[in-house]
Amino acid sequence: MKIAISSKGNTLESATDPRFGRAQQFIIYDLDNGTHSTFNNTQNLTSSHGAGIQTAQNIINAGADLVITGNVGPNAFNVLNSAGVKIYLTSGLTVQEAIEKYKKGELENVSSNTVEGHWV
Amino acid sequence: MRIAIASGKGGTGKTTVATNLAFYLKHFDNTDVTLIDCDVEEPNSHIFLRPDCQEPKVITVPVPVVQEDLCTACGKCAEICQFNAIACVKEKVLIFPELCHGCGGCLLVCPTGAITEKQREIGVVENGKGKEIKLVYGRLHVGEAMSPPLIRAAKEFSPVTADEIQLIDCPPGTSCPVITAVSESDFVLLVTEPTPFGLNDLKLAVEMVRILDIPFAVGINRSTADNNIVQDYCRTEGIPVILNIPHDRRIAEAYSTGKLILESLPEYHEQFSQVLGYIKGVLS
């Protein structure tokens, strides 16, 4: 099972990025073997509209089964939810800490968007 | 002839200049004029012209519809979409109509013909006559983000004719809606105010008009004798300042009751006469 964590850097020690659609990077962590890879999100960081939708699409294409991030808007939620990707929230932790918390079942699972859309 | 009245910063007086210039043309210069209010997110020229409006024309944009039995979820539509309006996940295509620009790219690339278009209403074009001035204006529905198609529709509603002058009251800023409004104009009058914000946004607007390569000049609203930041900038850049509307309380009082400057204070006609004289000189 793969987890996509929004991150400000490309290591497990990096801080999690509270933004989803415009997160700087994503770390794709494989729970089965403990390996991880990174995924640059610069393209969506600078897109004018629909960053959440495209980021969600990319994460799904990367094979993630769940997402750990700070907030998720309505469009991103819609795309993730359609693909059955579960969403967990975190704030102020490193990527590694967030993964550990998830493993212990301490992260909040959300069943709707947590923030409103920006403009559209 | 088509003259666009634009600005970088909002609230500098585009509508004040556009409506008064229209009034000047009709009532002081005996020229037929159509004013097209392209500030479709918050049109306000009609507040000053009070037209008797005809039936509004509904404006729509095309958005894709997916026929699921034909769709193979190949993802080509999501790939071609430059506006992130389509996502393709787990055998399903999701469409976000508010983000769609109606380009039709998804229809072209769909290998199975699963995509058709339906029309989505984004606003209306109003038209009428007020104070003997023809007014056309777009009114975008609340919550809509896509104003350029409505701006195009407002402009197409009333094509330029040889025997009238057309004025375009533009939206503020320098992005797509402004480009759409300003395009195909013969001249642009950039209205600003002598404040740091006004100057900063004027510089952006000047860059925009230079790229569009349309002749332009600057008008200063709420101008005061002791503040020359806009004049200094224009002098350095070699941009003519062809209109100065002073910071006059009586103008604000007229405005607050929905009156034009030239209705309450006809002595200002000289200012608008100069604007017209300059533009005609440049374009002749």
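Here the structure is shown first, and the text comes after it.
The rules behind these values
Residues numbered from 1 in each chain as written. Chains lettered and ligands numbered in written order. Predicted model: local features only at pLDDT ≥ 70, side-chain atom pairs only at ≥ 80, totals over all residues. Heavy atoms only, no water. Helix = DSSP H or I, 4+ residues; strand = E, 2+ residues; numbered from the N terminus. Buried < 20%, exposed > 50% of the residue type's maximum accessible area, 1.4 Å probe, protein only. Contact = heavy atoms within 4.5 Å. Areas by Shrake-Rupley, 256 points an atom, 1.4 Å probe, with all protein chains shown as cover. Phe/Tyr/Trp six-rings, centres within 6.5 Å; stacked < 30°, edge-to-face > 60°. Core = buried A, V, L, I, M, F, W, Y, C linked by side-chain atoms within 4.5 Å. Patch = residues over 30% accessible without salt bridge, like charges linked within 9 Å, V, L, I, M, F, W, Y side chains within 5 Å. Salt bridge = Lys/Arg side-chain N within 4 Å of Asp/Glu carboxyl O. Polar contact = N/O pair within 3.5 Å; in protein donor to acceptor, adjacent residues only side chain to side chain. 1 Å grid on protein atoms, 1.4 Å probe; cavity = no way out; pocket = protein on both sides within 12 Å on 5 of 7 lines; lining within 4 Å. Points joined across faces, edges and corners; volume = space filled by probe spheres on them. Nonpolar A, V, L, I, M, F, W, Y, C, P; charged D, E, K, R; others polar.

1. Some thoughts on the overall build of chain B
Here is step 1 of the chain: A count of helices and strands for chain B gives eleven helices and twelve strands.
Here is step 2 of the chain: Taken along its principal axes, the extent of the C-alpha atoms in chain B is 70 × 45 × 35 Å.
Here is step 3 of the chain: Each of the 284 residues in chain B was classed as buried or not, and the buried ones make up 52%.
Here is step 4 of the chain: Within chain B, counting contacts between residues at least 6 apart in sequence, those at least 24 apart form 73% of the total.
Here is step 5 of the chain: Within the structure as shown, chain B displays about 12,900 Å² of accessible surface, and the carbon and sulfur contribution to it stands at 51%.

2. Digging into the packing of aromatic side chains
Residue and element names in this part refer to chain A.
Here is step 1 of the chain: Overall, the coordinates contain seven aromatic pairs over all chains when judged by the stated rule.
Here is step 2 of the chain: Ring plane angle 75° and centroid distance 5.1 Å describe the contact between Tyr 88 and Tyr 102, whose orientation is recorded as edge-to-face. Placement of Tyr 88 in strand β5 (residues 86-89) and of Tyr 102 in helix α4 (residues 95-103) is noted, with a sequence separation of 14 residues between them.
Here is step 3 of the chain: Residue class for Tyr 88 comes out buried when judged on its relative accessible area of 13%.
Here is step 4 of the chain: The exposure class assigned to Tyr 102 is buried, which follows from its relative accessible area of 16%.
Here is step 5 of the chain: Members of the aromatic cluster, joined through ring pairs, are Phe 20, Phe 26 and Phe 39.

3. Concerning the nonpolar core
Here is step 1 of the chain: Ranked by internal contacts, the top residues of the largest apolar core, which has 41 residues, are Phe20(A), Ile59(A), Val79(A) and Leu80(A).
Here is step 2 of the chain: Ignoring any residue separated from it by four or fewer positions in sequence, one finds Val79(A) in contact with Ile53(A), Ala56(A), Gln57(A), Ile60(A), Ala87(B), Val89(B), Leu94(B) and Phe96(B).
Here is step 3 of the chain: Membership of the second largest hydrophobic core comes to 36 residues, among which are Ile36(B), Ile168(B), Val178(B) and Tyr233(B).

4. Section: a nonpolar patch on the surface
Here is step 1 of the chain: A contiguous nonpolar patch, built from Tyr278(B), Val282(B) and Leu283(B) and spanning about 210 Å² of accessible area, is present on the exposed surface.
Here is step 2 of the chain: As for its placement among the helices and strands, Tyr278(B) is situated in helix α11 (residues 269-283).

5. Some remarks on helix α2 (residues 51-61) of chain A
Residue and element names in this part refer to chain A.
Here is step 1 of the chain: With ten of eleven residues buried, α2 lies mostly within the body of the structure.
Here is step 2 of the chain: Along α2, the residues that are buried comprise Ala 51, Gly 52, Ile 53, Gln 54, Thr 55, Ala 56, Gln 57, Asn 58, Ile 59 and Ile 60.
Here is step 3 of the chain: Phi turns positive, to about 85°, at Gly 63, one or two residues after α2.

6. A word on the side chain of Gln166(B)
Residue and element names in this part refer to chain B.
Here is step 1 of the chain: Relative to the helices and strands, Gln 166 is located in strand β9 (residues 164-169).
Here is step 2 of the chain: We classify Gln 166 as buried; its relative accessible area is 0%.
Here is step 3 of the chain: Within the structure, the side chain of Gln 166 is placed 2.6 Å from the side chain of Arg 2, a separation counted as a polar contact.
Here is step 4 of the chain: When sequence neighbours within four positions are dropped, the list of residues in contact with Gln 166 reads Met 1, Arg 2, Ile 3, Thr 34, Ile 36, Ser 158, Pro 159 and Val 160.

7. Thoughts on empty space enclosed by the protein
All names here are of chain B.
Here is step 1 of the chain: Considering all chains together, one arrives at two cavities of 30 Å³ or more under this definition.
Here is step 2 of the chain: When its volume is computed, the largest cavity comes out at roughly 100 Å³.
Here is step 3 of the chain: Contributing to the lining of the largest cavity are 16 residues, with Cys 71, Cys 74, Cys 77, Val 93 and Cys 110 lying nearest its centre.
Here is step 4 of the chain: Of the voids in this model, the second largest cavity is the one considered here, and its volume is about 50 Å³.
Here is step 5 of the chain: Among the elements that line the lining of the second largest cavity, the one with the most residues is helix α1 (residues 14-27), at three residues.
Here is step 6 of the chain: Partitioned by chemical class, the residues of the lining of the second largest cavity number four nonpolar, three polar and one charged.

So yeah, pure geometry; function would need other evidence.
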